[in-house]
Amino acid sequence: MNRFSLVIVLVAAILCGCATGKSSTQPKPAVKKSARLEQPPIQPSATTDSNKASEKPKASEPKPSPLVTPDNSLGGKVATFNSAGRFVVLDFPGGKMPALEQPMFIYRDGLKVGEVKITGPTRDSNTVADLISGVANKGDEVRDR
């Protein structure tokens, strides 16, 4: 009798599992039937032949690719500042050095605080510049633009 009741329980469990079917993991959004009936049907817009001629198909137009340009500007830092002689020693770690007599600008915290003119001499990654206007401190940023 125990085996018979065990078989009946197993068959009932299998049938109950098959009867429920597969449940979807995503719930279906509730749609009001009245909202669907209240919306008027979409009418095609009336266009004239002149409007059709001026419209261009957007699918055939190629998408513009982004424009990428390298930054070729010179940039360095103020290594030292001599207030008596009003000159600075500039360090350009990128290896790209400014030309003689080239004007450059000094920035501190993103604000322009001075202007220098490269006078030389140049050694390794350092060069000397005369302070034309403004002020300079050690660690200020130097750029050509």
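Read on for a plain summary of the structure. The residue numbering used here restarts from 1 in each chain and proceeds along that chain's sequence as written. Thresholds applied to this predicted model are a pLDDT of at least 70 for local features of residues and 80 or more for the giving and counting of side-chain atom pairs; totals over whole chains, interfaces and linings are not thresholded and use all residues. Computation of side-chain values covers all heavy atoms of the structure but excludes hydrogens and water.

### Some details on the overall build of the chain
Runs of E in the DSSP output that reach at least two residues are strands. Runs of H or I that reach at least four are helices, and both are numbered from the N terminus. Looking only at helices and strands, the chain has three helices and six strands in total. Along the chain, from the amino end to the carboxyl end, the secondary structure elements read α-α-α-β-β-β-β-β-β. To sort residues, take the accessible area from a 1.4 Å probe on protein chains only and compare it with the maximum for the residue type: under 20% means buried, over 50% means exposed, and anything in between is partly exposed. Expressed as a percentage of its 145 residues, the buried residues of the chain come to 17%. Only heavy atoms matter for contacts: two residues are in contact if any of them lie within 4.5 Å across the pair. The contacts of the chain with a sequence gap of at least 6 include a subset with a gap of at least 24, amounting to 53%. Within the structure as shown, the chain displays about 12,200 Å² of accessible surface, and the carbon and sulfur contribution to it stands at 58%. Here, Shrake-Rupley sampling with a 1.4 Å probe gives the accessible areas, and only protein chains in the shown set may cover a residue.

### Description of a nonpolar patch on the surface
By definition, no residue in a patch forms a salt bridge, and every one has over 30% relative accessible area; like charges are joined within 9 Å, nonpolar side chains (Val, Leu, Ile, Met, Phe, Trp, Tyr) within 5 Å. Here, a salt bridge means any side-chain nitrogen of Lys or Arg that lies within 4 Å of a carboxyl oxygen of Asp or Glu. Together, Val 7, Val 11 and Leu 15 make up an exposed nonpolar region whose accessible area comes to about 270 Å². Mapped onto the elements, Val 7 comes out in helix 1 (residues 2-20).

### What about the sheet that holds strand 2 (residues 87-91)?
Being paired, for any two strands, means DSSP has found at least two bridges between them. Taken together, six strands build a closed barrel; the order of strands is 1-2-5-4-3-6 and the barrel is antiparallel. Across the sheet, the axes of successive neighbouring strands diverge by a mean angle of 45 degrees, strand direction being ignored. Only the stretch in contact is used when a helix axis is fitted, and all axes are lines through C-alpha atoms; the angle between N-to-C directions ranges over 0 to 180 degrees.

### Here we look at the pairing of strand 2
With five bridges joining them, strand 1 (residues 75-82) and strand 2 adopt antiparallel strand pairing. Looking at the pairing, Lys 77 lines up with Asp 91 of strand 2. Hairpin connection between strand 1 and strand 2: a loop of four residues separates the two successive antiparallel strands, and Arg 86 in this loop has a positive phi of roughly 50 degrees. Across five bridges, the pairing between strand 2 and strand 5 (residues 126-134) is antiparallel. Among the inter-strand pairings, Leu 90 is bridged to a residue of strand 5, identified as Thr 127.

### Remarks on the pattern of salt bridges
Across all of its chains, the model carries three salt bridges by this definition. We note a salt bridge from Glu 141 to Arg 143, for which the minimum N-O separation is 3.7 Å. Classification of Arg 143 by relative accessible area gives partly exposed; the value is 28%.

### Considerations on the packing of aromatic side chains
Two aromatic rings, drawn from Phe, Tyr or Trp (for Trp, its six-membered ring), form a pair once their centres lie within 6.5 Å of each other, and the interplanar angle then sorts them: stacked below 30 degrees, edge-to-face above 60, tilted otherwise. Enumeration over the complete set of coordinates arrives at zero aromatic pairs. In this analysis the charged atom, NZ for Lys or CZ for Arg, is taken to sit over a ring once it is within 6 Å of the ring centre and within 35 degrees of the ring normal. Sitting over the ring of Tyr 107, Arg 143 keeps its end group 3.8 Å from the ring centre.

### Some points on the environment of Leu 131
Structurally, Leu 131 can be placed in strand 5. Put simply, Leu 131 and Gly 114 are 17 residues apart on the chain and 7.5 Å apart in space, counted from C-alpha to C-alpha.

### A word on the nonpolar core
Ranked by size, the top nonpolar core spans 13 residues in total, and within it Val 88, Leu 90, Met 104, Ile 106, Val 116, Ala 129 and Val 142 carry the most contacts. If you list the elements that add at least two residues to this core, you get strand 2, strand 3 (103-108), strand 4 (111-123) and strand 5. When neighbours within four sequence positions are excluded, Val 142 is seen to be in contact with Leu 74, Gly 75, Gly 76, Lys 77, Val 78, Leu 90, Met 104, Phe 105 and Ile 106. Nine residue types can take part in a nonpolar core, namely buried Ala, Val, Leu, Ile, Met, Phe, Trp, Tyr and Cys, and a core is a set of them joined through side-chain atoms within 4.5 Å.

### Considering the environment of Ser 125
Here Ser 125 is to be found in the loop between strand 4 and strand 5. On the basis of relative accessible area, Ser 125 is assigned to the partly exposed category, the value being 24%. Sequence separation of Ser 125 and Pro 93 is 32 residues, and the distance between their C-alpha atoms is 5.8 Å. In this view, Ser 125 contacts Leu 90, Asp 91, Phe 92 and Met 97; residues no more than four positions away in its chain are not counted. Contacts described as polar in this section are N or O atom pairs within 3.5 Å, which, within protein, must combine one atom able to donate a hydrogen with one able to accept it, while residues neighboring in sequence count only if both atoms come from side chains. In this structure the side chain of Ser 125 is engaged in a polar contact, spanning 2.8 Å, whose partner is the side chain of Asp 91.

Read these as spatial facts, not as claims about activity.
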